[in-house]
Amino acid sequence: GENVEQHPSTLSVQEGDSAVIKCTYSDSASNYFPWYKQELGKGPQLIIDIRSNVGEKKDQRIAVTLNKTAKHFSLHITETQPEDSAVYFCAASIHNDMRFGAGTRLTVKP
Amino acid sequence: DAGITQSPRHKVTETGTPVTLRCHQTENHRYMYWYRQDPGHGLRLIHYSYGVKDTDKGEVSDGYSVSRSKTEDFLLTLESATSSQTSVYFCAIKDNSDNEQFFGPGTRLTVL
């Protein structure tokens, strides 16, 4: 089955700096790559996603890039703010089989 | 949480007892999922449903069963709870025409 690896497991940045989280996947048939943000005590919430026919997608301060050849995708957050502090999960999906990375705890220091 | 509720939100039980967790949606979405979340593992799929009475196994289905007798409810049952099933359980739903899964608030289960 699909295997998703996510790095780093923890990331601390200064407010205003950029944050980058990277994921790799193993199954070339995966065609949907969402990123979720999870705040303490809550369920994950989708922040951005990308499909396999697109290389890059941006939504305000958040961007995701996908390299299908290398089977990796990344989340970029620019101009980080304290409210960006949370756990972020990447995932790779084929039909109903969605596999998640282990998560990255992002801390944005004021 | 996109019209998804989970009950109970917290439960403490003893090894060997049966436990049922409930997921309820008001979105009329076709697909429903049960995941467990453990430190270092992210979320792992237990079972999912693609319609009333239609279910299939996920990555970590051993020790769990599910039922979906109506569109809005998806039940997860631990027939005989074990300490390894201590976890946070999340339900998710998905429309037929989209890839996005919407997650519920979670149920924290502790098996002593």
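Residues numbered from 1 in each chain as written. Chains lettered and ligands numbered in written order. Predicted model: local features only at pLDDT ≥ 70, side-chain atom pairs only at ≥ 80, totals over all residues. Heavy atoms only, no water.

### Re the state of the cysteines
Under the convention used in this document: Here, a disulfide means two cysteine sulfur atoms that sit within 2.5 Å of each other. A helix here means a DSSP run of H or I that spans at least four residues, while a strand means a run of E at least two residues long, and both kinds are numbered starting from the N terminus.
All chains considered together, the criterion is met by two disulfides over all chains. Paired by a disulfide, A:Cys23 and A:Cys90 hold their sulfur atoms 1.9 Å apart. Looking down the S-S bond of the A:Cys23 and A:Cys90 bridge, the torsion is -100°, so its handedness is left-handed. With A:Cys23 in strand β3 (residues 19-25) and A:Cys90 in strand β9 (residues 86-94), this pair connects stretches of sequence that are 67 residues apart. Two residues share a disulfide in this structure: B:Cys23 and B:Cys91, whose sulfurs sit 1.9 Å from each other. Here the S-S torsion is close to -70°, and the disulfide linking B:Cys23 with B:Cys91 is therefore left-handed.

### Looking at the sheet that holds strand β3 (residues 19-25) of chain B
Residues and elements named next belong to chain B. For the record, the criterion: DSSP calls a pair of strands paired once it identifies at least 2 bridges connecting them. Convention adopted: a line fitted to C-alpha atoms gives each axis, helices being fitted over their contacting stretch, and angles between N-to-C directions are expressed from 0 to 180 degrees.
Taken together, four strands build an open sheet; the order of strands is β1-β3-β8-β7 and the sheet is antiparallel. Of all strands in the sheet, those bounded by a partner on one side alone are β1 (4-7) and β7 (65-70). Geometrically, the sheet is characterised by an average inter-axis angle of 20° between neighbouring strands, direction not taken into account. Here β3 pairs with strand β8 (residues 73-78) via six bridges, running antiparallel. Paired with Leu21 across the bridge in β8 is Leu76.

### As for the pairing of strand β8 (residues 72-77) of chain A
Residues and elements named next belong to chain A. Both β3 and β8 contribute to a ladder of six bridges, which runs antiparallel. Looking across to β8, one finds that Val20 is bridged to His76. In textbook terms, the turn of a hairpin is the stretch between consecutive antiparallel strands, and for strand β7 (residues 62-67) and β8 this stretch comprises four residues, one of which, Lys71, has a positive phi near 55°.

### Side note on the pattern of salt bridges
Rule in force here: For salt bridges, the criterion is a side-chain nitrogen of Lys or Arg within 4 Å of an Asp or Glu carboxyl oxygen. Burial classification: accessible surface area is computed with a 1.4 Å probe over protein chains only, and a residue below 20% of its type maximum counts as buried, one above 50% as exposed, and the rest as partly exposed.
Using the criterion set out here, one finds twelve salt bridges over all chains in the structure. For the salt bridge of B:Asp73 with B:Lys70, the shortest nitrogen-to-oxygen distance reads 3.7 Å. In this structure B:Asp73 comes out as buried when scored by relative accessible area, which is 8%. Overall, the relative accessible area of 40% leaves B:Lys70 in the partly exposed class. Each member of the salt-bridge network shares a partner with another, and the members are A:Asp49, A:Arg51, A:Lys57 and B:Asp98.

### Notes on the interface of chain B and chain A
Using the following cut-off: Note on contacts: a residue pair qualifies if any of its non-hydrogen atoms lie within 4.5 Å across the two residues. Accessible-area loss on putting two parts together, using a 1.4 Å probe and summing over both, is the definition of buried area adopted here.
Taken together, the 21 residues of chain B in the interface contact 16 residues of chain A. Approximately 1500 Å² of surface area, both sides summed, lies buried where chain B meets chain A, with 50% of it carried by carbon and sulfur atoms. By the criterion of area lost to chain A, the three top residues of chain B are B:Leu43, B:Asn99 and B:Phe103, representing 31% of everything that side buries. The interface formed by chain B and chain A includes two salt bridges. The partner of A:Arg99 in a salt bridge is B:Glu59, and the shortest N-O contact between them spans 3.7 Å.

### Re the environment of A:Glu56
Residue and element names in this part refer to chain A. Within the secondary structure, Glu56 is located in strand β6 (residues 56-59). What makes Glu56 exposed here is its relative accessible area of 54%. Sequence spacing of Glu56 and Asn67 is eleven residues, and the spatial spacing of their C-alpha atoms is 9.0 Å. The residues touching Glu56, leaving out its near neighbours within four places in the chain, are Ile50, Val64 and Thr65.

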